[in-house]
Amino acid sequence: MQALSLWGVFIALAVIMNGTIPFILGFDLHKWTYSPLKDVAFNLILYGGLFLVVPLVLTKGWATVRRPAFFLPLIIAVLAMTLRTFFRPTAALAVIILIYLHWRFDLSKLGIQSRGWKGDIIAILLFGLIYLAPSLLQSNPMLSAPGNAFLASLDRLFLNPASTTEYLFYFGFLAERLSHQTGKWMTPLIIAAMYTTHEMSNPEYWYEGSKFLLIFIGVALTTSIFLWRRSIVVIWLGDGLGRFVSRLFTGAV
C-alpha cells in the first residue's frame, strides 16, 4: 500500500541519517545526534520533504501542487522548517502556510477539518485529562508558573515539527489511509508501532531515556481519538492543551 511504502522510505532514511552516515564518515554518534548539520538534514528532508511535501502531492496531485499559488508557499514552509535549526520561530510559518493552503485548496482529506465543534471540544479536553493523569498519581503534585506552561504550549503548537508536519504525516495521511484497510481497532496499534519504531531509530531518545512503552500507549490513544474525530486540528490543539497541563504541574512529563 502507498501509505506503508512511504513510511518504509521514511524509516530507511531515518536509519541512514541517524546511524549510517556518521558510521561511514567516522563521526562520533553522540556529537552527530545533537549536531546542527543533522538537525538541518532532518528538518529539510524528513519534516519538510517527506512529512509535508509528499503527502500534499499524493493527496492533491502534482497538477495542483505545481501551481504558483500552492508551490511557492509550500517552498517557503519547507525553508521555514529547515531554518528552525538556526532561528526556531521560523517554524511557525509552516503552520500559517498550512492554514492558507487549506483555505485556498481544501486540505480536508489530510484531516484539516471538523466533524462538529461539540465532539471536537470533548476530544481536546480528553487530551488534557490524559496528560494530567500522571500528575494526579503523584503524592504531592505542585503547580508551577502558568506563564511557563503557556510558553511550553505555544512552543509545542507552533515551533515543534512533531506537532505540525509529523502529525500531518502520521495521522492525516497514514492513519487515514490505513484505517480503510485495517479498521478502527487495529489501526491505532499499527500507527503506535510505526511511531515507536520511528522514535527507537533515533539515538537521541535512547540517550535521554525515553519510555518507549508510554510512547506506544500515547500514540495508540491519540490515533483512536483521530479516528473518532478525523481531525488533525483536534490532535494539534489537544496536544497543545496537554503540554500546558503537563507543564503546569512541576512533576509532570
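Preceding this section is the structure that the text describes.
The present account deals with the structure reproduced in this document. (Residues numbered from 1 in each chain as written. Predicted model: local features only at pLDDT ≥ 70, side-chain atom pairs only at ≥ 80, totals over all residues. Heavy atoms only, no water.)

## Focus: the overall build of the protein chain
Turning to step 1, where the next piece is worked out: Tallying secondary structure elements over the protein chain gives 12 helices and zero strands in all.
Turning to step 2, where the next piece is worked out: Its helices and strands in sequence order give the protein chain the pattern α-α-α-α-α-α-α-α-α-α-α-α, from N to C terminus.
Turning to step 3, where the next piece is worked out: In summary, the protein chain has a C-alpha radius of gyration of 18 Å against a globular reference of 18 Å for 253 residues, a match within 12%.
Turning to step 4, where the next piece is worked out: Principal-axis analysis of the C-alpha atoms places the extent of the protein chain at approximately 55 × 50 × 35 Å.
Turning to step 5, where the next piece is worked out: A sequence separation of at least 24 residues applies to 77% of the contacts in the protein chain between residues at least 6 apart.
Turning to step 6, where the next piece is worked out: When the accessible surface of the protein chain is totalled, it reaches about 12700 Å², and 71% of it is carbon and sulfur. (Helix = DSSP H or I, 4+ residues; strand = E, 2+ residues; numbered from the N terminus. Rg over C-alpha atoms; globule rule 2.2 N^0.38 Å. Contact = heavy atoms within 4.5 Å. Areas by Shrake-Rupley, 256 points an atom, 1.4 Å probe, with all protein chains shown as cover.)

## Describing the packing of aromatic side chains
Turning to step 1, where the next piece is worked out: Following the criterion strictly, the structure yields 17 aromatic pairs and no others.
Turning to step 2, where the next piece is worked out: When the ring of tyrosine 100 is compared with that of tryptophan 103, the centres are 6.0 Å apart and the planes differ by 45°; the resulting orientation is tilted. Of this pair, tyrosine 100 and tryptophan 103 both sit in helix H6 (residues 92-105), separated by three residues, roughly a single helical turn.
Turning to step 3, where the next piece is worked out: On the accessibility criterion, tyrosine 100 (27% relative accessible area) is partly exposed. (Phe/Tyr/Trp six-rings, centres within 6.5 Å; stacked < 30°, edge-to-face > 60°. Buried < 20%, exposed > 50% of the residue type's maximum accessible area, 1.4 Å probe, protein only.)

## Topic: the side chain of serine 153
Turning to step 1, where the next piece is worked out: On the secondary structure map, serine 153 appears in helix H8 (residues 146-159).
Turning to step 2, where the next piece is worked out: Overall, the relative accessible area of 8% leaves serine 153 in the buried class.
Turning to step 3, where the next piece is worked out: Once residues lying within four places of it in the same chain are set aside, the contact partners of serine 153 are Gly240, Leu241, Arg243 and Phe244.

## A look at the packing of helix H9 (residues 165-200) against helix H12 (residues 232-248)
If you want to describe how two helices pack, look at the angle between their axes and the distance between the axes.
Turning to step 1, where the next piece is worked out: At a minimum axis separation of 10 Å, H9 and H12 run at an interaxial angle of 135°. In this view, H9 runs oblique relative to H12, as classed from their interaxial angle. As H9 runs across H12, the sense of the crossing is right-handed. Of H12, the residues touching H9 (which contributes Tyr167, Leu168, Phe171 and Gly172) are Ile232, Ile235, Trp236 and Asp239.
Turning to step 2, where the next piece is worked out: Of the residues contributing to the contact of H9 with H12, the split by class is six nonpolar, one polar and one charged. (Axes fitted to C-alpha atoms, helices over the stretch in contact; angles between N-to-C directions. Parallel < 35°, antiparallel > 145°, perpendicular 65-115°, else oblique. Left-handed = near helix turned anticlockwise from the far one by under 90°. Nonpolar A, V, L, I, M, F, W, Y, C, P; charged D, E, K, R; others polar.)

## Let's talk about the nonpolar core
Turning to step 1, where the next piece is worked out: Among the nonpolar cores identified, the biggest contains 54 residues, and Phe10, Tyr170, Phe171, Leu174 and Ile191 are the most heavily contacted of them.
Turning to step 2, where the next piece is worked out: The set of elements that each furnish at least two residues to this core consists of helix H1 (2-25), helix H3 (36-60), helix H5 (68-83), H6, helix H7 (117-136), H9, helix H11 (212-229) and H12.
Turning to step 3, where the next piece is worked out: Broken down by element, this core gets its largest block of residues, 13 residues, from H9.
Turning to step 4, where the next piece is worked out: Here tyrosine 170 is in contact with Trp7, Phe10, Phe51, Ala175, Ile191, Met194, Tyr195 and His198, once residues within four sequence places are set aside.
Turning to step 5, where the next piece is worked out: Counting residues in hydrophobic clusters, the runner-up holds five residues, among them Leu132, Ala149, Val245 and Phe249. (Core = buried A, V, L, I, M, F, W, Y, C linked by side-chain atoms within 4.5 Å.)

Shape descriptors only; they carry no functional weight alone.
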